[in-house]
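Read off the chains here:
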Amino acid sequence: MTIHIPFNKPCIVGSELIYVGQAVAGGHASGDGPFTRRAQKLMEDRFGARRILLTTSCTAALEIAALLCDFGPGDEVILPSFTFVSTANAAVLRGATPVFVDIRPDTLNIDERLIEAAITPRTRAIFPIHYAGVACEMDAIMDIATRHGLLVVEDAAQGVFAKYKGQWLGTIGHMGCYSFHETKNFSCGEGGALVINDPKLEKRAEILREKGTNRSQFLRGQVDKYTWVDVGSSYVPSDMLAAFLVGQLENMEKITARRGEIDRLYTMLLAPLIELGLIQIAHVPLHCMPNYHMFYLLTAGLEERTALIAHLRAAGILAVFHYVPLHSSPFMKARNLPLADLPVTDDTSRRLLRLPMYFDLTDRDVAEVAAGVLGFYSERMVE
Ligand SMILES: *Cc1c(COP(=O)(O)O)cnc(C)c1O
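Residues numbered from 1 in each chain as written. Predicted model: local features only at pLDDT ≥ 70, side-chain atom pairs only at ≥ 80, totals over all residues. Heavy atoms only, no water.

Student: Whenever I open this one, the overall build of the protein confuses me. Can you help?
Tutor: What the protein contains, in helices and strands, is 15 helices and 13 strands. Taking 383 residues into account, the globule formula puts the C-alpha radius of gyration at 21 Å, and the protein, at 21 Å, falls close to it. For the C-alpha atoms alone, the extent of the protein along its principal axes is close to 75 × 55 × 35 Å. Here the protein holds 383 residues, and the buried ones make up 57% of them. Sequence-distant contacts in the protein: of pairs separated by 6 or more residues, those separated by 24 or more amount to 71%. A gap of 5 Å separates the mean positions of the 37 positive and 43 negative side-chain charges of the protein. (Helix = DSSP H or I, 4+ residues; strand = E, 2+ residues; numbered from the N terminus. Rg over C-alpha atoms; globule rule 2.2 N^0.38 Å. Buried < 20%, exposed > 50% of the residue type's maximum accessible area, 1.4 Å probe, protein only. Contact = heavy atoms within 4.5 Å. Lys, Arg positive; Asp, Glu negative; His and termini not counted. Charge placed at Lys NZ, Arg CZ, Asp CG, Glu CD.)

Student: When you look at the environment of glycine 159 in this model, what are you seeing that I'm missing?
Tutor: Here glycine 159 lies in the loop between strand 5 (151–155) and strand 6 (163–164). Judged by its relative accessible area of 0%, glycine 159 is buried. As for glycine 159 and cysteine 177, which are separated by 18 residues in sequence, their C-alpha atoms are 9.1 Å apart. Apart from the residues within four sequence positions on either side, glycine 159 is in contact with Gly133, Leu169 and Asn291.

Student: Explain the packing of helix 10 (residues 252–269) against helix 15 (residues 363–382) to me, please; I cannot follow it from the model alone.
Tutor: A pair of packed helices is characterised by two quantities: the angle between their axes and the separation of those axes. Axis separation between helix 10 and helix 15 bottoms out at 10 Å; the angle between their running directions is 30°. Comparing the axis directions of helix 10 and helix 15 gives the class roughly parallel. Both helix 10 and helix 15 take part in a crossing whose hand is right-handed. From helix 10, Arg258, Ile262, Leu265, Tyr266 and Leu269 reach across to helix 15, where they touch Asp363, Val366, Ala367, Val369, Ala370 and Leu374. (Axes fitted to C-alpha atoms, helices over the stretch in contact; angles between N-to-C directions. Parallel < 35°, antiparallel > 145°, perpendicular 65-115°, else oblique. Left-handed = near helix turned anticlockwise from the far one by under 90°.)

Student: Looking at this structure, how should I read the site of the ligand?
Tutor: Residues in contact with the ligand amount to 14 residues; listed here are only the nearest, Thr59, Asp155, Gln158, Ser179 and Lys184. Within the contact set of the ligand, an oxygen atom lies 2.5 Å away from a side-chain nitrogen or oxygen of threonine 59. Measuring from a nitrogen atom of the ligand, one finds a side-chain N or O atom of aspartate 155 at 2.8 Å. When atom positions are compared with the pocket grids, the ligand is found to occupy the largest pocket. (Near = heavy atom within 4 Å. Polar contact = N/O pair within 3.5 Å; in protein donor to acceptor, adjacent residues only side chain to side chain. 1 Å grid on protein atoms, 1.4 Å probe; cavity = no way out; pocket = protein on both sides within 12 Å on 5 of 7 lines; lining within 4 Å. Sits in = over half its atoms within 2 Å of the grid points.)

Student: Mind showing me how you'd approach the domain arrangement of the protein here?
Tutor: Reports often express the size of an interface as the amount of accessible area lost when the parts come together. Here the protein is partitioned into domain 1 (16–249) and domain 2 (252–382). When the buried area of domain 1 at its contact with domain 2 is split by residue, Phe82, Asp102 and Asn185 rank highest and sum to 18% of it. Taken together, the connections running from domain 1 to domain 2 amount to one salt bridge. The partner of glutamate 253 in a salt bridge is arginine 46, and the shortest N-O contact between them spans 2.6 Å. Seen at the junction of domain 1 and domain 2, the total is 17 residue pairs in polar contact (both at pLDDT 80 or more). Of all the secondary structure elements, the ones that give two or more residues to the side of domain 1 that touches domain 2 are helix 2 (34–47), helix 4 (85–93), strand 3 (97–101), strand 6 and helix 9 (239–249). Considering each element in turn, the side of domain 1 that touches domain 2 owes the most residues, four residues, to strand 3. (Domains from an automatic or database assignment. Buried area = accessible area lost by both parts, 1.4 Å probe. Salt bridge = Lys/Arg side-chain N within 4 Å of Asp/Glu carboxyl O.)

Student: Is there a simple way to explain the sheet that holds strand 7 (residues 167–168) in this structure?
Tutor: Two pairing modes exist for strands in a sheet, parallel and antiparallel, and in both the strands are linked by backbone hydrogen bonds. The three strands lie next to each other as 7-6-11, forming an open sheet whose pairing is antiparallel. Looking along the sheet, the strands with just one partner apiece sit at the ends: strand 7 and strand 11 (288–289). Pairing analysis gives two bridges linking strand 6 to strand 7, with the strands arranged antiparallel. Opposite lysine 163, over in strand 7, you have tryptophan 168 as the bridge partner. (Pairing = 2+ DSSP bridges.)

Student: Even after reading the chapter, I still don't get unusual backbone geometry, so can you show me in this structure?
Tutor: Note: most residues except glycine have negative phi, and most peptide bonds are trans. For the peptide bond that leads from histidine 322 to tyrosine 323, omega is -15°, which places it in the cis range. Secondary-structure assignment places tyrosine 323 in the loop between helix 12 (302–314) and helix 13 (330–334). Backbone geometry at aspartate 70 places phi at a positive 55°, although glycine is not the residue there. Its place among the elements puts aspartate 70 in the loop between helix 3 (58–68) and strand 2 (76–80). When its relative accessible area of 52% is taken as the criterion, aspartate 70 is described as exposed.

Student: Is there a simple way to explain the side chain of threonine 213 in this structure?
Tutor: Locating threonine 213 in the fold gives a position in the loop between helix 7 (202–209) and helix 8 (215–219). A polar contact of 3.2 Å, which involves the side chain of threonine 213, links it to the backbone nitrogen of arginine 215. Those residues in contact with threonine 213, other than ones at most four positions away along the chain, are Ile207, Tyr226, Thr227, Trp228 and Val229.

Student: I keep staring at the nonpolar core and nothing clicks. Help me out?
Tutor: One broad trend across soluble globular proteins is that nonpolar side chains are buried collectively. Ranked by size, the top nonpolar core spans 53 residues in total, and within it Met43, Phe47, Ile78, Ile115, Ile126, Tyr178 and Phe180 carry the most contacts. With six residues, helix 9 is the single largest residue contributor to this core. Built from parts of two domains, this core gets at least three residues from each of domain 1 (16–249) and domain 2 (252–382). Setting aside residues up to four positions removed in sequence, isoleucine 115 forms contacts with Ile78, Val101, Ile110, Ile126, Ile141 and Ile144. If you look at the next biggest cluster of nonpolar residues, it comprises 35 residues, including Leu53, Cys58, Leu62 and Ala90. (Core = buried A, V, L, I, M, F, W, Y, C linked by side-chain atoms within 4.5 Å.)

Student: Explanation requested: the packing of aromatic side chains in the structure shown.
Tutor: A ring pair, where both rings are aromatic, is described by two values, the distance of the centres and the angle of the planes. Evaluation of the coordinates by the stated rule reveals 13 aromatic pairs. For the ring pair phenylalanine 161 and tryptophan 168, a centre distance of 5.1 Å and an interplane angle of 20° mean the geometry is stacked. Of the two residues, phenylalanine 161 and tryptophan 168, neither departs from the other in class, the shared state being buried. Taking the centre distance of 5.5 Å and the plane angle of 50° together, the rings of phenylalanine 218 and tyrosine 226 count as tilted. For phenylalanine 218, a relative accessible area of 32% corresponds to the partly exposed category. (Phe/Tyr/Trp six-rings, centres within 6.5 Å; stacked < 30°, edge-to-face > 60°.)

Here it is in structure tokens:
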């Protein structure tokens, strides 16, 4: 059967296409034009962030952040193994060694209680990721970082428009990284942003992002020519993408409200399975304001998850899983580092399943997906 309820679908919710047209008609389609400034200002004002720079992706923002950390060979970065590769690659590209820490079984975020034991004299930074848009325990993480003199880079790829104790995710660590990839809540296809919370990092961040030149200062009239002053790369997105993004960022409430409705509907419809202990869903601590990035469930084990995916696929519904834990990836195995024991990460990666979640998903679609999951478990209980 062909898939009629995909896992994800990009959406247009406001003036995205009008703005893209204006970006081209205005004669500035390359980077750092009026729409880039508008997107950055919109987020800075909204999130109370001192400086936000649009980038071509969250991966690019993480790379700039790792450059700003000034890692040397042998330096260590603490992060979860249960994350997307870009969190680790940013550090590895700079010659640093990733040191993986297990996750909490409730939020699937890095377990802050295990961080201190992973710190060595070579540790330079912590890269926590806010899984599914639910915040890590940032008070504990920032406290450890301060006591050990470490930098904190929040991978807030999934955490845009979510809060921890009243603070927007991405604005709590020294730096934060956002993603506007198609699969994220607010998107321009491919895109990202670097949030710079430590003022000392701002000037160099601009230079690294502008191919190692002081072009940003030149555009502001602060220098009379621009030239090569540092390393760097091409991390500036086209103003056409920024224009599309502005259309999405102007509608953050609307998008989040709909995702919240979908989340509550899934939760309500799947309640019988949750009450019977057959599946487990996300836990959101009271001090965390979520952005409903994902709706995931945890099955009893790998075999059950594989069968459930096949059951849904046969009904034309695409449900997906992630992550292959980074510590068990071919790349890490080939590096022959001491093997970490990460039982919660290993267990979660075998049981987690993500259900379709996107702005245009209808109540009927949600009901159909939930019916598929309920049907699967009722067939199993009869067997
Ligand atoms: C999506 C994602 C990324 C990568 O984002 P891109 O914008 O595609 O580079 C990085 N980290 C996490 C946790 C993500 O979910």
